[in-house]
Amino acid sequence: MAANMYRVGDCVYFETSSTSPYQIRRIEELNKTPSGNVEAKVMCFYRRRDLPNPLIQLADKHQMAQSEDSPIAMKLKKICLKTPVGEEQAAQAVLDPALAAMEEESSELPGTDGLAPKQRHQAKHRELFLSRHVETLPATHIRGKCTVTLLNETESLLSYLNKDDAFFYCLVFDPSQKTLLADKGEIRVGSRYQTEVTNLLKDGEEDVRNSEELETLVWTPEHGLTDRQIDQFLVVSRSVGTFARALDCSSSVKQPSLHMSAAAASRDITLFHAMDTLHKSGYSIESALSSLVPASGPVLCRDEMEEWSASEANLFEEALDKYGKDFADIRQDFLPWKTLKNLVEYYYMWKTTDRYVQQKRVKAVEAESKLKQVYIPNYNKPNPALITSNSSSGKAPAVLNGGTNGTATVTAAQLCASCQVTNSNQWYTWGPQHLQYRLCGTCWQYWKKYGGLKTAGVFGETEVEAAKGPRGEGEDTALSVSHRPHRCTVLNCAKEFKLRAHLARHVATAHGSGEGARPVMKTRAAFYLRASPFTRLARRLTRALRRPRHYARSPFSPINLTQVKHECSAAMAGLGAAELRAAGAAGADGSLMYERVLSRAEIEARRAEAAPAQPLKRRAYDDINGLDTTGGAREGGECAAPPPAKRPNKHPAPMQRPSREQYAAMCARAQATGQPLPAHVFTHVNGKPTNISGRGGRRHVISWMDAPDDLYFRANETAKMARRSLSCGELRRGARAPWRALRGGAVAGGGAGGAAGGKALGGAAPLQLVILD
Amino acid sequence: MAMQPHSKKRVCYYYDSDIGNYYYGQGHPMKPHRIRMTHNLLLNYGLYRKMEIYRPHKATADEMTKFHSDDYIRFLRSIRPDNMSEYNKQMQRFNVGEDCPVFDGLYEFCQLSAGGSVAAAVKLNKQASEICINWGGGLHHAKKSEASGFCYVNDIVLGILELLKYHQRVLYIDIDVHHGDGVEEAFYTTDRVMTVSFHKYGEYFPGTGDLRDIGAGKGKYYAVNIPLRDGMDDESYESIFVPIISKVMETFQPSAVVLQCGADSLTGDRLGCFNLTVRGHGRCVELVKRFGLPFLLVGGGGYTIRNVSRCWTYETSVALGVEIANELPYNDYFEYFGPDFKLHISPSNMSNQNTPEYLEKIKNRLFENLRMLPHAPGVQVQAIPEDAVNDESEDEDKVDKDERLPQSEKDKRITGDGELSDSEDEGEGGRRDNRSYRTPQPRKRPRLDKDGSTIKDEIKTEDSKDDVKNISSVEEPKKELPPNP
């Protein structure tokens, strides 16, 4: 019962979309709508995954700064956190030398020392970002309580990991300005803030302070009277007050009964006056008594409550109704003969009256729509992502079996994408449809609550996220930027960085040029285009594709596929099947096909064989991955190994423009090594878990980290010259079958690059591969 | 005379009957009226007659500029609701306007609040009282040239500055739910005032008070911040308050204490988020009082006014050492205390986010910091010839008392000792070392340079003799202590 009672101030899970993780909100208000539903005004906490990428880097830096109290860390804190960060500013912040120094340090949350990598990974799921953003959600979407506390440096993150539904936050995120701020005030230091500390008085120095000037004694306990005597005197003074009211005409109107007079005479003002009288008469009851009844008649003490006439009281209530408690206005417009102090005093006394109590009741009824707590029963409806037994045995394999290596993938899909278990009471589909991932019951719960998978790197969950596109309804899609670290691939280093540019500079500075002319970054996933017959056909038939050279050189410029399809179908309509077959075998579906790139070893093998004259200096592939046996087998050297077996193109990765960061990395690299931008092989940074298919169709799932490095070709002058010497047809053929020696290999040096294509030159020409992500 | 048993403390109470009529404005949570409500309860509980009651003077601009900047005080003096428009720029500069509105009689209100604390401090300096109370004070957010958090003039800082004339070291404790940033900032770089603040930290006004804020320069380690989370209850509060304060007393050895009793740490406060009862809050007063040092109690926050007046009434009774009934006596504002009309309040069922582990960790970290304190700070190390005081200090408590008994007859201040030993000490470690910082006081020599040196001397002798006393045992680990991790 208590668990399902949600109060204002509680932190709760809200489910706004069945497939995405819960949102974490704090209830600020609970309001009943006229229709009887309860709406919760909530304050948003954001998860790490909800933040734009640059901000996550800042958050990490902040953590770092927190963990060390070095001056540089403090500086960093100020720089980073006080500047609003757009992407560009983030890039600038990165270039700040102070920050550059910092980034060499590992950027982990404090207290992560001693945490296993898995725990470290999970700790990130427990971090939230406070915001001042407030929204209104139906209370029925509440799915349980959680706690969110400000992380204290004395705490280890383990204490959060060990507790269910426990989150922490360090920073405040402003979703509208995209800024992160530390929720921390500052004690300022300087003569403008500190006081001058008074010195101790020296011996013989006189203290100028004189208590007599600073205070007036109005009562002392050193009076020789007993409690009883004082009480008696108080009773006497009240009696005198009652009698005084009897004598006073105005009072007798207000207090027609003796009881009322006595009550009025018992108010605190009479008592205070009695005490003062006692004090003034030197605690002599006798003289005090006589001063209670001076010649002018018995003393009458009246407070505002009594002083005010009934009409004044009515005026006041009317005014209060009209102006609220703006006493200055009330005084001005209603009761100008009263002072402000009169009004305030009266107001606080008026609050004890029945009139006020009645008013309060009226207000209480009005305020009834504001609830203090709400009962939300457990939510029992099955999540749409739940896989019912029918569909899990039927549908999933059906799709997957379409592949040549179907059996393998089925096994993969039936594992929990997070913990790899095969047995679970419940299964949930997870991630983008086409990936067919699924989660076991526990991992699904974990995903819903903490917004991540228990284990990192099995499938980089972020990939799935990135591929997911727009998220839960009404949510700011701009926030869903995936995030993953970039790890230095140099042996025994393996530092992680949040930005590729960081990694680039790290490699340049820490590892120098010993690395050779090759940045250590990877593309997200390497592929190259293998044209299906239909594609080839389309190239011939379609005007939009008449400029192969152009497209080859600028692989990032988009090709209007709709137009291509349109033109194609139009052209094909006029041709018979035979003609078509003559033009090229029709593809099954006619879309562009992408293939995974060859493993590095294969490439190595081919290059070693094809271009012994100009070997490229590169680190052995097995440094990272171990040797791919298929590659090794090929080493012997048939001229060219064909690309891996074709797979159904159910994984169309979007053509992507290399990001600014990637270029920054290249440039940084080149500058650091003092070389011009290398004209040949480049690998690209990026990281993405990728599925590499071996030749035989066993489907490996390799994390992005283990994926082979990718290459792409950058033409130098010679290469361009060489290309010009080739005929268009040769060029195309080369591009399409990059492993095949180029017939026109006599040309001295040269290669061809194409849109998502690779090319090798035979003979003396350097072999080049072009891969883009 | 029979009215006041010997063991009772002499309590001075500062109040101006005007204070309740200052009004911050419509909807503003700060209501000076709560001070008047407290006052009326005190009268009707019969506590009024047991104290010296003073009407404070209005602090002059000169007095206020002992801490505040001249132009800030000049501004406060001249601004009124009807001339606000002429001061737009200055209002911004001095942060007056929103939280700290310009209201009628603003300057007078500041004068009364500051006047009370200053007069109280002088009173303590003159040893004319052991405990002074100014519920109208405690405005701990006010900065040197800036208003903040409903506070304009920092009466606490002014009071402490006054105390520093006679006291080498003054301890400031703040149990308001908000951080005592104004006081902490004012004394951030001095080792003569230690500020200890217990407060809610995290997404909470004023945003300062991190565990890592420990002071700067000479004042490093002299600011102690205890960041707490929602739902602190009596038990957890005491579990952190007692050890911290005992340790602070032991290491800092103040000769006067100022306690800010902000009542917004009570359960059900309009702005607060703790779950303390009046008893738990008052327990802090009791604990601090036990150390028997000159003691200034000031008010502070507190925005559910019926509970504020309950709390301060109870704390006045604690200061007086008088038990009062749970049944509230009839008074002008009796109706405010419905429906139960009781003095004590019950905690709510809100959850306490401060786990024992969390509090333990905080405590340990603070202990580490406190271990960095040199003993008897702020006192020059100088060779001082042995004198009677040293011998005295070597002696056992008993001997101590015997020797001083005749003196105590001359001076009523000594009466505190008797009470102290009678009181239910819990052996938290605070008791043992009371002796050392109390020693100088009964000598009826207000000159603190002497006091300081005696303390120092004492410690030196204790150290050299390798006495197994708190002081020396604390000293030891300090040497091996690694820099604060």
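What counts and what doesn't
Residues numbered from 1 in each chain as written. Chains lettered and ligands numbered in written order. Predicted model: local features only at pLDDT ≥ 70, side-chain atom pairs only at ≥ 80, totals over all residues. UniProt positions renumbered as here; feature names shortened; annotations may be inferred. Contact = placed C-beta atoms within 7 Å. Helix = DSSP H or I, 4+ residues; strand = E, 2+ residues; numbered from the N terminus. Pairing = 2+ DSSP bridges. Core = buried A, V, L, I, M, F, W, Y, C linked by C-beta atoms within 7 Å. Buried ≥ 20, exposed ≤ 12 C-beta atoms within 10 Å, placed from the backbone. Axes fitted to C-alpha atoms, helices over the stretch in contact; angles between N-to-C directions. pLDDT = per-residue confidence, 0-100.

- In the annotation of an unreviewed UniProt entry, chain B is listed under the name Histone deacetylase and assigned to Spodoptera litura.
- Of chain B, the UniProt comment under Sequence similarities (unreviewed entry) reads exactly: "Belongs to the histone deacetylase family. HD Type 1 subfamily."
- Quoted straight from UniProt, the Catalytic activity (unreviewed entry) entry for chain B says "N(6)-acetyl-L-lysyl-[histone] + H2O = L-lysyl-[histone] + acetate".

- As recorded in an unreviewed UniProt entry, chain A goes by Metastasis-associated protein MTA3 and comes from Spodoptera litura.
- Its UniProt record gives chain A the following Subcellular location (unreviewed entry) comment, quoted word for word: "Nucleus".
- The UniProt entry for chain A carries the following text under Sequence similarities (unreviewed entry): "Belongs to the metastasis-associated protein family."

### Things to note about the interface of chain B and chain A
And then number 1: With 79 residues of chain B at the interface, the matching set in chain A holds 58 residues.
And then number 2: Mapped by element, the contributors of at least two residues to the side of chain B that touches chain A are α1 (33-44), β2 (52-56), α5 (106-125), α6 (155-163), α7 (181-186), α11 (356-371) and α16 (448-464) of chain B.
And then number 3: At six residues, the largest contribution of residues to the side of chain B that touches chain A is made by α5 of chain B.
And then number 4: Sheet topology places strand β9 (residues 215-219) of chain A next to β2 of chain B; four bridges connect them, and they run antiparallel. Residue E215 of chain A lies in a different strand from β2 of chain B, and its bridge partner there is P56 of chain B.

### Some details on the nonpolar core
And then number 1: If you look at the biggest cluster of nonpolar residues, it comprises 199 residues, and the most contacted ones within it are Y169 of chain A together with Y172 and L297 of chain B.
And then number 2: With twelve residues, the top contributor of residues to this core is α5 of chain B.
And then number 3: Listed in part, the 14 residues of the second largest apolar core include A417, W427, Y428 and L453 of chain A.

### A word on the sheet that holds strand β12 (residues 386-387) of chain A
By way of backbone hydrogen bonds, the strands of a sheet pair with one another, either parallel or antiparallel.
All names here are of chain A.
And then number 1: Judged by pairing direction, the sheet is antiparallel, and its three strands sit side by side in the order β12-β13-β14 without closing on themselves. Looking at strand neighbours, the two that pair on one side only are β12 and β14 (437-440), the edges of this open sheet.
And then number 2: Note: β12 against strand β13 (residues 427-430), two bridges, orientation antiparallel. Opposite L386, over in β13, you have Y428 as the bridge partner.
And then number 3: Set on the sheet, helix α20 (residues 441-450) makes contact with β13 and β14; between it and β14 the angle comes to about 100°.

### Quick notes on the UniProt feature "binding site: a divalent metal cation" (unreviewed entry) in chain B
Residues and elements named next belong to chain B.
And then number 1: Look at the UniProt record and you will see "binding site: a divalent metal cation" (unreviewed entry) annotated at D176, H178 and D264. What stands out for the annotated residues spanning 89 residues is how close their C-alpha atoms remain, the widest pair being 8.0 Å apart.
And then number 2: Along the chain, D176 falls in the loop between β4 (170-174) and α7.
And then number 3: Judged by C-beta crowding, with 25 C-beta atoms within 10 Å, D176 ranks as buried.
And then number 4: Not counting residues up to four positions away in its chain, the partners in contact with D176 are H140, H199, Q260, G262, D264, S265, G300 and G301.
And then number 5: Here H178 lies in the loop between β4 and α7.

### Some points on the confidence of the model for chain A
Residue and element names in this part refer to chain A.
And then number 1: Chain-level pLDDT for chain A is 68 on average; 57% of the residues reach the 70-or-more range.
And then number 2: Taking the mean pLDDT of every element in chain A, the minimum, 36, falls on strand β19 (residues 690-693) and the maximum, 95, on helix α11 (residues 268-280).
And then number 3: Confidence over residues 68-112 falls short of pLDDT 50; this stretch has 72 contacts with residues more than four positions distant or in other chains.
And then number 4: Across residues 390-411, where pLDDT falls below 50, the model places 27 contacts with residues more than four positions away in sequence or in other chains.

### Considerations on the sheet that holds strand β6 (residues 223-228) of chain B
And then number 1: Spatial ordering of the open sheet is given by β9(A)-β2(B)-β1(B)-β3(B)-β8(B)-β7(B)-β4(B)-β5(B)-β6(B), a layout of nine strands whose pairing is mixed. Unpaired on one side and paired on the other, β9 of chain A together with β6 of chain B mark the two borders of the sheet. With direction set aside, neighbouring strand axes in the sheet form an average angle of 20°.
And then number 2: Here α6 of chain B sits on the sheet in contact with β4, β5 (193-200), β7 (256-260) and β8 (295-298) of chain B, set at roughly 175° to β7 of chain B.

### Regarding the pairing of strand β7 (residues 166-174) of chain A
All names here are of chain A.
And then number 1: Relative to β7, strand β5 (residues 127-138) runs parallel, the two being bridged by four bridges. By the bridge assignment for β7, F129 is matched with L171.
And then number 2: When β7 meets strand β8 (residues 179-182), the two strands line up antiparallel, connected through four bridges. Bridging across to β8, V172 finds its partner in L181.
And then number 3: Linking two consecutive strands that pair antiparallel, namely β7 and β8, is a turn of four residues; a positive phi of about 55° is found at K178 within it.

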